[in-house]
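One-letter residues, chain by chain:
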Amino acid sequence: MVIEMVVPLIVQFMTIVLFPVMAAYLISAARAYGIKAAIESKEALVVDTVFYIERVYDHLDGRTKYVKALEHATMWLKRYGLKIKTHELEELIDAFVEELRLEWEK
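Residues numbered from 1 in each chain as written. Predicted model: local features only at pLDDT ≥ 70, side-chain atom pairs only at ≥ 80, totals over all residues. Heavy atoms only, no water.

Draft legend 1. Looking closely at the side chain of K65. The residue K65 is located in helix 2 (residues 62-79) in this model. Polar contacts involving the side chain of K65 include one to the side chain of E54, which spans 3.2 Å. Other than its neighbours up to four places away in sequence, K65 contacts I53, E54, Y57, D58 and L60. (Helix = DSSP H or I, 4+ residues; strand = E, 2+ residues; numbered from the N terminus. Polar contact = N/O pair within 3.5 Å; in protein donor to acceptor, adjacent residues only side chain to side chain. Contact = heavy atoms within 4.5 Å.)

This is the structure in structure tokens:
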């Protein structure tokens, strides 16, 4: 008799409280994964762009290569629908170029 009264209350509790909480958690986890994947995609695109510019435009000076890298990375990011602010893109390029410079000095 008590079980017959308690079970509907438990089901109601799960429906009202537990399932929305689980859904919110799953949605936030999916968003976090999407953000992480977007960041990794942007970083990979910058790395490929810098390598490309370094190989194709090896006769140019560093500042001109930097401008070319910004132009090419912006074009590819737009083509793939990845949004990034200019200063963030500049920071990614700067960080990777610095990483390369440190490797070359070894």
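This is not the end of the story, as more comes after the structure.
Draft legend 2. Examining the layout of surface pockets more closely. Of the pockets and cavities examined, the largest pocket occupies roughly 200 Å³. Secondary-structure elements contributing two or more residues to the lining of the largest pocket are helix 1 (2-56), helix 2 and helix 3 (86-105). With five residues, the single largest contributor to the lining of the largest pocket is helix 3. When its residues are assigned to classes, the lining of the largest pocket shows eight nonpolar, one polar and three charged. (1 Å grid on protein atoms, 1.4 Å probe; cavity = no way out; pocket = protein on both sides within 12 Å on 5 of 7 lines; lining within 4 Å. Points joined across faces, edges and corners; volume = space filled by probe spheres on them. Nonpolar A, V, L, I, M, F, W, Y, C, P; charged D, E, K, R; others polar.)

Draft legend 3. Examining the environment of L100 more closely. Following the sequence through the fold, L100 ends up in helix 3. Taking the C-alpha atoms as reference points, L100 and E43, separated by 57 residues in sequence, lie 14 Å from one another. Aside from chain neighbours lying at most four places away, what touches L100 is V50 and F51.

Draft legend 4. Spatial organisation of the pattern of salt bridges. Taken as a whole and judged by the stated rule, the model has four salt bridges. Here E54 ties to K65 by a salt bridge, and the two come within 3.2 Å at their closest N and O atoms. With E54 in helix 1 and K65 in helix 2, the pair connects residues that are 11 residues apart, well separated along the chain. Relative accessible area serves as the criterion here: at 29%, E54 is assigned to the partly exposed category. (Salt bridge = Lys/Arg side-chain N within 4 Å of Asp/Glu carboxyl O. Buried < 20%, exposed > 50% of the residue type's maximum accessible area, 1.4 Å probe, protein only.)

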